[in-house]
Amino acid sequence: LRLAEANAEHALTAHLASRQGIARRYEALVEALALPESPNRIECFDISHTMGEGTVASCVVLDGNGPLKREYRRFNIEGITPGDDFAAMDQAFRRRYTRLKEEGAALPDLVLVDGGPGQLARAEAAAAFVLRLHEEHQDLARPHRAEGPAVIEAAALDGRAVGAEPDPAQAEAQ
């Protein structure tokens, strides 16, 4: 019985410490991004492939309590030029947010994108797409932020070189 009590106490202490750590990370994120308030829901996207083949987009979802692993998604990207991360990001966003619309699910307040300016531009277009979805379907849960999800380039948060990859759509326009 004493061992069970000690294990329960240890588990509770660890759980409370974890929640406090998450709260501190959220506070640091709000400060680093100069957000007016803490986001309720964060979605993070990354594109991966092997030498341009087998492209996959990953979406990780968090809320104030930490990771929501049951809401993680992986998208097998098809029908794009091999290695075109920008088109892959665009496809992942459209698939993700079209499905959330269909399900009437919560939309993110903050979207983090692992990539450069091209991926960021596609993510910003997706944020506008999310708002249009909400305007067309008033029953869809609106993002916590009135202006829609904030979209941030993850490289800007961790000191990696920002802007190393040009967006092919912008290059064609020049």
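Residues numbered from 1 in each chain as written. Predicted model: local features only at pLDDT ≥ 70, side-chain atom pairs only at ≥ 80, totals over all residues. Heavy atoms only, no water.

Undergrad: Residue-level account of the layout of surface pockets, with values.
TA: Empty space within the largest pocket amounts to approximately 210 Å³. For the lining of the largest pocket, the secondary structure elements donating two or more residues are β4 (73-76) and α2 (85-103). Broken down by element, the lining of the largest pocket gets its largest block of residues, five residues, from α2. Grouping the constituent residues of the lining of the largest pocket by class yields four nonpolar, no polar and eight charged. Each pocket or cavity is described by its volume, and for the second largest pocket that value is around 170 Å³. In terms of lining, the second largest pocket is formed by Ile22, Arg25, Tyr26, Leu29, Ile42, Cys44, Leu62, Gly66 and Leu112. Element by element, the count of residues in the lining of the second largest pocket is highest for helix α1 (residues 2-33), at four residues. (1 Å grid on protein atoms, 1.4 Å probe; cavity = no way out; pocket = protein on both sides within 12 Å on 5 of 7 lines; lining within 4 Å. Points joined across faces, edges and corners; volume = space filled by probe spheres on them. Helix = DSSP H or I, 4+ residues; strand = E, 2+ residues; numbered from the N terminus. Nonpolar A, V, L, I, M, F, W, Y, C, P; charged D, E, K, R; others polar.)

Undergrad: Just give me the short version of the nonpolar core, but keep the residues and values in it.
TA: Counting residues in each nonpolar core, the largest one holds 20 residues, and the members touching the most others are Phe45, Phe75, Phe93 and Tyr97. Elements with a minimum of two residues in this core: β1 (41-50), β2 (53-63), α2, β5 (110-113) and α3 (117-136). Sorting elements by how many residues they give to this core places α2 first, with six residues. Setting aside residues up to four positions removed in sequence, phenylalanine 75 forms contacts with Phe45, Thr55, Val56, Ala57, Cys59, Ala92, Arg95 and Arg96. Of all hydrophobic cores here, the second largest spans ten residues; its members include Tyr26, Leu33, Cys44 and Leu110. (Core = buried A, V, L, I, M, F, W, Y, C linked by side-chain atoms within 4.5 Å. Buried < 20%, exposed > 50% of the residue type's maximum accessible area, 1.4 Å probe, protein only. Contact = heavy atoms within 4.5 Å.)

Undergrad: Can you explain the packing of aromatic side chains? Please cite residues and give values.
TA: Each aromatic ring pair is specified by the distance between its two centres and by the angle formed by the two planes. Evaluated as defined, the whole model comprises three aromatic pairs. Taking 6.1 Å as the distance between ring centres and 10° as the angle between the ring planes, the aromatic pair formed by phenylalanine 93 and tyrosine 97 counts as stacked. On the criterion of helical spacing, the pair formed by phenylalanine 93 and tyrosine 97 is a turn pair, its members being four residues apart in helix α2. As far as the burial class goes, phenylalanine 93 and tyrosine 97 line up, both buried. The structure contains a cluster of three or more aromatic residues connected by ring pairs, namely Phe45, Phe93 and Tyr97. (Phe/Tyr/Trp six-rings, centres within 6.5 Å; stacked < 30°, edge-to-face > 60°.)

Undergrad: Please set out the environment of alanine 106 residue by residue, giving values where relevant.
TA: Counting through the fold element by element, alanine 106 comes out in the loop between α2 and β5. Assessed through its relative accessible area of 36%, alanine 106 is described here as partly exposed. Once the C-alpha coordinates of alanine 106 and arginine 41 are considered, the two residues, 65 residues apart in sequence, prove to be 8.3 Å apart.

Undergrad: Any chance you could break down α2 for me, citing the residues and the numbers?
TA: With 19 residues, α2 should cover 27 Å at 1.5 Å per step; its first-to-last C-alpha distance of 27 Å lies within 8% of that length. The backbone nitrogen of phenylalanine 86 has a side-chain oxygen 3.2 Å away, supplied by the residue at the start of α2, namely aspartate 84. (Expected span 1.5 Å × (residues − 1). Polar contact = N/O pair within 3.5 Å; in protein donor to acceptor, adjacent residues only side chain to side chain.)

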